Amino acid sequence: MKATAQKESPRKEERAPTLDYVAPEVNIYETLEGYVLEAEMPGVNKDGLEITLEGTEITIVGRRGQDPVAGEPLLRERQPADFRRVFELDPAIDTGRISAKMHQGVLTLTLPKSERVKPRKITVSD
Amino acid sequence: MTPWSSFGRLSDLREEIDRLFDAPLNELARTSNLLSGWTPALDVYEQKDNFVIKVELPGMSKEDITVSLHEGSLSISGERKSGTKHTEAEVYRAERFFGRFQRTVTLPAPVAPDKVKAQYKDGILTVTLPKTEEAKPKQIDVSVS
């Protein structure tokens, strides 16, 4: 927990110059094979996506494509900010095999577990 | 240590708090999906000849989106279905909303119903509604003598 608290501060500083990020809403599932993470980033396509892996930390950044609408805004609920969220990874994840897919503003990350930690059925011989 | 927890959650909480402070009231209502269901964020722009509406609908199929116009009101409705089956999975986070939504916008000027166009790209639905000829701003040239 102590190491965790120490990690928090450099990230804050790093965030300082760009405060206009919003955290995407995510679903995370764990299966026997690994993890699946889905993140909602409307307006972001493949080119606007940056996924960085640093140690056991994965950072997802989604930059919205430029879609300025001319004219006078009558109602504005959408946030123009880019998306960013950081996750601490389970050490069991095989970081070399992480794959990402982007479809209609939803990022799906597949994070397989290393073969050695996968549960294995052992047959007992007589 | 449980994965996906500890400081990730802490910073989420911090961001959530930041979000609450920044958010206007309608934003707040939108954040609490549990109470209100899903209210996708929506922008309305007025141009000289059109109204343009943008709605954030990430992760849908375009077949599941219905756009209809009735007496000057535009309705956008649909259902977001959970694409992946995770019946045998353990859920760590479930922030995304699945289910039905509906949003209705009353347009401030008449539009030509047969010329309305909708496009769904990168999880954003864009509806362009051309104004009727009568509703377009007109320029009247006055000769100065």
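Residues numbered from 1 in each chain as written. Chains lettered and ligands numbered in written order. Predicted model: local features only at pLDDT ≥ 70, side-chain atom pairs only at ≥ 80, totals over all residues. Heavy atoms only, no water.

## Remarks on the overall build of chain A
Okay, so step 1: Along chain A, the regular secondary structure elements total one helix and nine strands.
Okay, so step 2: Moving toward the C terminus, one meets the helices and strands of chain A in the order α-β-β-β-β-β-β-β-β-β.
Okay, so step 3: Buried residues in chain A amount to 48% of all 126 residues.
Okay, so step 4: Of the contacts formed within chain A by residues at least 6 apart in sequence, a portion of 55% connects residues at least 24 apart. (Helix = DSSP H or I, 4+ residues; strand = E, 2+ residues; numbered from the N terminus. Buried < 20%, exposed > 50% of the residue type's maximum accessible area, 1.4 Å probe, protein only. Contact = heavy atoms within 4.5 Å.)

## A look at the packing of aromatic side chains
Okay, so step 1: The tally for this structure, following the rule as stated, stands at three aromatic pairs over all chains.
Okay, so step 2: Judged by centre distance (5.9 Å) and plane angle (50°), the rings of Tyr35(A) and Tyr92(B) are tilted. Residue Tyr35(A) is located in strand E3 (residues 34–40), and its partner Tyr92(B) is located in strand E5 (residues 90–94); the two belong to separate chains.
Okay, so step 3: On the basis of an interplanar angle of 65° and a centroid distance of 4.9 Å, the ring pair of Trp38(B) and Phe101(B) is categorised as edge-to-face. Placement of Trp38(B) in the loop between helix H3 (33–36) and strand E1 (42–46) and of Phe101(B) in strand E6 (residues 99–106) is noted, with a sequence separation of 63 residues between them.
Okay, so step 4: Given a relative accessible area of 10%, Trp38(B) falls into the buried group.
Okay, so step 5: Following the ring pairs from residue to residue traces out a cluster consisting of Trp38(B), Phe97(B) and Phe101(B).
Okay, so step 6: Looking at Arg80(B), its charged tip hangs above the ring of Trp38(B), at a distance of 4.1 Å from the centre. (Phe/Tyr/Trp six-rings, centres within 6.5 Å; stacked < 30°, edge-to-face > 60°. Lys NZ or Arg CZ within 6 Å of the ring centre and 35° of its normal.)

## Points about the sheet that holds strand E9 (residues 106–112) of chain A
Okay, so step 1: Here we have five strands laid out as an open sheet, ordered E8(A)-E9(A)-E3(A)-E2(A)-E5(B), and antiparallel in their pairing. On the outer flanks of this sheet lie strand E8 (99–103) of chain A together with E5 of chain B, each paired with one strand and no other. Adjacent strand axes in the sheet meet at a mean angle of 15° when their direction is disregarded.
Okay, so step 2: Here E3(A) pairs with E9(A) via seven bridges, running antiparallel. If you follow Leu37(A) over to E9(A), its bridge partner there is Leu109(A). (Pairing = 2+ DSSP bridges. Axes fitted to C-alpha atoms, helices over the stretch in contact; angles between N-to-C directions.)

These figures capture arrangement, not role.
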